[in-house]
Amino acid sequence: MVSAGSAGAVRDKKQAMGELKLKRLNDLNGRLKEDLNRSRVRTSEACESIAQYATNTKDFMVPTQWGTIDKNDDPYSPPSESGCCIIL
């Protein structure tokens, strides 16, 4: 026979689990609504934008495309070794 105290505990546990499930579903619903409202860009427009960026932006790592550049203008060249002290 089940006592009244344990029946209440079972009922409370089921209610708590139901509330947790409802909270998770509400959170998921909110995230899905945010995703639905997010602005979209068509794939063709995104590809065109990437192609324009790639052809208009100099990439110093591809000298065959853009030619060689001066060491002072190259952000990837190692820094000059001029220090404040020279030890002999």
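Calculation criteria
- Residues numbered from 1 in each chain as written.
- Predicted model: local features only at pLDDT ≥ 70, side-chain atom pairs only at ≥ 80, totals over all residues.
- Heavy atoms only, no water.
- Helix = DSSP H or I, 4+ residues; strand = E, 2+ residues; numbered from the N terminus.
- Buried < 20%, exposed > 50% of the residue type's maximum accessible area, 1.4 Å probe, protein only.
- Areas by Shrake-Rupley, 256 points an atom, 1.4 Å probe, with all protein chains shown as cover.
- Salt bridge = Lys/Arg side-chain N within 4 Å of Asp/Glu carboxyl O.
- Patch = residues over 30% accessible without salt bridge, like charges linked within 9 Å, V, L, I, M, F, W, Y side chains within 5 Å.
- pLDDT = per-residue confidence, 0-100.

## Things to note about the overall build of the chain
1) Next: Of the regular secondary structure elements, the chain holds 3 helices and 0 strands.
2) Next: Going from the N terminus to the C terminus, the chain shows its helices and strands as α-α-α.
3) Next: For the chain, the proportion of its 88 residues judged to be buried stands at 3%.
4) Next: Summed over all atoms, the accessible surface of the chain reaches about 8,800 Å², with 57% contributed by carbon and sulfur.

## Digging into the pattern of salt bridges
1) Next: Within this structure, the stated rule accounts for 3 salt bridges.
2) Next: When the shortest N-O distance is used, the salt bridge between Arg38 and Asp35 registers 2.6 Å.
3) Next: Three or more residues are tied together by salt bridges with common partners; here these are Asp35, Arg38 and Arg40.

## Quick notes on a nonpolar patch on the surface
1) Next: Together, Leu25, Leu28 and Leu32 make up a nonpolar patch on the protein surface, roughly 280 Å² of accessible area in all.
2) Next: Tracing the backbone shows Leu25 in helix H1 (residues 4–37).

## Digging into the environment of Asp74
1) Next: For Asp74, the location among the structural elements is in the segment after helix H3 (63–66).
2) Next: You can call Asp74 buried: its relative accessible area is 19%.

## Topic: the confidence of the model for the chain
Detailed conclusions should not be drawn from predicted coordinates in areas where pLDDT is low.
1) Next: When pLDDT is averaged along the chain, the result is 84; 84% of the residues meet or exceed 70.
2) Next: Within the chain, H3 has the poorest average pLDDT of any element, 76, and helix H2 (residues 43–56) the best, 94.

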